[in-house]
Amino acid sequence: METEAAESNLNFTFGVIADIQYANVPNGLNYTRTRKRYYRNSLCLLRGAINEWNAECVAPKFILQLGDIIDGCNSQIKASAEALETVINDFTNCVAPVHHIWGNHEFYNFDRTQLQQSALNTKHLEGDIVSGNMPSFNVKPEINNDDSEAFYGYHFSPFPKFRFIITDAYDLSIHGRKESSKKHNDSVQILKSNNKNEDPNSPEGLAEPNLHFLGFNGGFSQDQLEWLNNILNFSDCNQEKVTIIGHLPVHPDATDPICVAWNYNEMLSMLHTHSSVICFLAGHNHDGGYHLDNHGIHHITVEGVIETSPECQAFATVHVYEDRMILKGRGRTPSRVLRYREKIN
C-alpha cells in the first residue's frame, strides 16, 4: 500500500459508508438465507465510523452515505420513521455534512414524496464550494422536484477542479412512484419483459444478459442520463476530475452481476465518452468489489455495514490528491490507490 510522503499535497478527504440497513430487530439472514445480518449492531458500527471520522487529523469535507440507510423490514413493523430518526440522530454527531443516496430499501420504507420531504433529501448541499461555504455557480438543467416523474440528483464541487455527482439509480423502478406514473409503468414493462418470474426479486431461470433484471434493482431514465451528460460536458471543458455516486454499481466486474443497474451498459457507454470521469462509487452488493475499466474509470462497490460482524468494520476515508485518490478502508473494506488517467483533456 502506498504511503503519503507529503500531507501538504493533500487536497481534501471525504468518508464513505454503505448499506447500514438499521432496524431495531434481532439478527436475521439475507434474501438467499446465506449471510447473517446484524440489524441492531449496524448502528454501533455507524457510531464507530463517525467517531473515527471526527477524530481524524484532517477533518473530512463531507460523508457519502451510499444508500439503504434503514432496512425494509421496518416497513413491515411500522417503524420506518422511528428507525430513520434514530440513524439520522447519530449522523448529526458527525463534524462533516452528509450526502444521502437513495437505494432500494429507502423505497421499501417511503415513497418519493416522503423522501423529498425527509432528512434523506440533501439536495440543499448542492453547489460549488470555493471559500466560506458559499456556492459560486451551478451547472445544471433545473430539476423540478414537484414533477412526479422527477429524479433525485445533484452535484457539488468541494475543491477547485473536483466534482461529485449524486445519481438516482431507482429513477426507473417498480418501487417509489405512483402506479399511475409513466416511469412506474415503463419500469414494470422493462422488468416483465426481461424477468418472467412471479417473484420479481428471483433470478431463477435468468441468464446473461438478463440476470440483473430484478425487482431490487433499478435504472437511469433518459432524462437523467441527458442531465448527467450535460454536467460532464462542462466538467470535460473545465478539466475537472469527477466522481459519480449511485446506489447501484454500473460495471458487472465490480460486483455480483445480479447487482448492477438495469441499463448499466447505457450509463457506461456515456461515461466512456467523457475524459473527466475518474470514479464511480456504489453500494448495494454487501460483499463489495472493485474494477478498473479499460477507459481508466475506477468502479468501487463499498462493503455493506449490515453484513459486517460486531467485531469488524466497513467504511473508508478517501484522501484526494492531484494525481490520485487513496481509499483508506477500515475492517473488511480494503484500502486502494486510485490513480487518475494520465491525461484529463
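All values reported here derive from a predicted model rather than from experimental measurement.

**Here's the deal with the overall build of the chain**
Secondary structure summary: the chain contains eight helices and 16 strands in total. For the chain, whose C-alpha radius of gyration is 19 Å, the value lies close to the compact-globule estimate of 20 Å for 345 residues. Each principal axis of the C-alpha atoms in the chain carries an extent, and together these give about 55 × 40 × 35 Å. Here the chain holds 345 residues, and 59% of them are scored as buried. A separation threshold of at least 6 residues defines the contact pool for the chain, and within that pool the share at least 24 residues apart is 68%. Accessible area for the chain stands at about 14,400 Å²; split by element, carbon and sulfur atoms hold 49% of it. Averaged over its 28 positive side-chain charges, the chain has a centre that lies 2 Å from the centre of its 42 negative ones.

**Thoughts on the confidence of the model for the chain**
Caution applies to low-pLDDT parts of the model: their predicted coordinates are not meant to be read in detail. Averaged over every residue, the pLDDT of the chain is 93; residues scoring 70 or more account for 92%. Predicted confidence for residues 1-6 stays below pLDDT 50, and this span has 15 contacts to residues more than four positions away or in other chains.

**Description of helix 3 (residues 80-91)**
Helix length check: helix 3, at twelve residues, gives a terminal C-alpha distance of 17 Å against a target of 16 Å (1.5 Å per residue), a fit within 8%. Ser80, Ala83, Leu84, Val87, Ile88, Asp90 and Phe91 are the residues of helix 3 that are buried. End-on, the buried residues of helix 3 take up no more than an arc of 155°, which puts them together on one face. The outward face of helix 3, more than 90 degrees from its buried face, is lined by the exposed residues Ala81, Glu82 and Glu85. Tucked into the core, helix 3 has its buried residues touching strand 1 (12-17), helix 1 (41-55), strand 4 (62-65), helix 2 (73-76), strand 5 (98-100) and helix 4 (104-109).

**Considering the nonpolar core**
Formed by 79 residues in total, the largest nonpolar core has its most connected members in Phe14, Leu64 and Leu271. Each residue touching Leu64, except ones within four places of it in the same chain, is listed here: Phe14, Gly15, Val16, Ile17, His99, Phe156, Ile166, Ile245 and Leu281. Judged by nonpolar contacts, the second largest core, of five residues, contains Ala23, Val25, Tyr39 and Cys73.

**Remarks on the pairing of strand 8 (residues 154-159)**
Most of strand 8 sits inside the fold, with five of its six residues counted as buried. In this structure, strand 8 lies alongside strand 9 (residues 162-166), joined through four bridges in antiparallel fashion. Note on strand 9: the bridge partner recorded for His155 is Ile165.

**Considerations on the pairing of strand 16 (residues 336-339)**
In regular strands, side chains alternate between the two faces of the sheet. Pairing analysis gives four bridges linking strand 15 (residues 324-331) to strand 16, with the strands arranged antiparallel. Considered in strand 16, the bridge of Leu327 is made with Arg336. Turn length for the strand 15-strand 16 hairpin, with the two strands adjacent in sequence and antiparallel, is four residues.

**Structural notes on the packing of helix 1 against helix 3**
Where helix 1 meets helix 3, the axes come as close as 10 Å, and the angle between the chain directions of the two elements is 15°. Relative to helix 3, the element helix 1 lies roughly parallel. In this structure, the crossing between helix 1 and helix 3 has a hand that is right-handed. Touching Leu43, Leu46, Arg47 and Ile50 of helix 1 are Thr86, Val87, Asp90 and Phe91, all from helix 3. Looking at the contact of helix 1 with helix 3, its residues break down into five nonpolar, one polar and two charged.

**A word on the packing of aromatic side chains**
Tallied over the full model, the rule gives 20 aromatic pairs. Ring geometry for Phe14 against Phe164: centres 5.1 Å apart, planes inclined by 75°, an arrangement best described as edge-to-face. One end of the pair, Phe14, is in strand 1; the other, Phe164, is in strand 9, and 150 residues separate them in sequence. You can call Phe164 buried: its relative accessible area is 1%. Consider the rings of Phe62 and Phe164, whose centres lie 5.0 Å apart with planes at 75°: the pair is edge-to-face. Taken together, the positions of Phe62 in strand 4 and Phe164 in strand 9 put the pair 102 residues apart, joining distant regions of the chain. Like Phe62, the residue Phe164 is buried in the burial classification. A cation over a ring is seen here: Arg324 above Tyr321, with NZ or CZ 4.1 Å from the ring centre.

Reading the values: the criteria
Residues numbered from 1 in each chain as written. Predicted model: local features only at pLDDT ≥ 70, side-chain atom pairs only at ≥ 80, totals over all residues. Heavy atoms only, no water. Helix = DSSP H or I, 4+ residues; strand = E, 2+ residues; numbered from the N terminus. Rg over C-alpha atoms; globule rule 2.2 N^0.38 Å. Buried < 20%, exposed > 50% of the residue type's maximum accessible area, 1.4 Å probe, protein only. Contact = heavy atoms within 4.5 Å. Areas by Shrake-Rupley, 256 points an atom, 1.4 Å probe, with all protein chains shown as cover. Lys, Arg positive; Asp, Glu negative; His and termini not counted. Charge placed at Lys NZ, Arg CZ, Asp CG, Glu CD. pLDDT = per-residue confidence, 0-100. Expected span 1.5 Å × (residues − 1). Arc of directions from axis to C-beta. Core = buried A, V, L, I, M, F, W, Y, C linked by side-chain atoms within 4.5 Å. Pairing = 2+ DSSP bridges. Axes fitted to C-alpha atoms, helices over the stretch in contact; angles between N-to-C directions. Parallel < 35°, antiparallel > 145°, perpendicular 65-115°, else oblique. Left-handed = near helix turned anticlockwise from the far one by under 90°. Nonpolar A, V, L, I, M, F, W, Y, C, P; charged D, E, K, R; others polar. Phe/Tyr/Trp six-rings, centres within 6.5 Å; stacked < 30°, edge-to-face > 60°. Lys NZ or Arg CZ within 6 Å of the ring centre and 35° of its normal.

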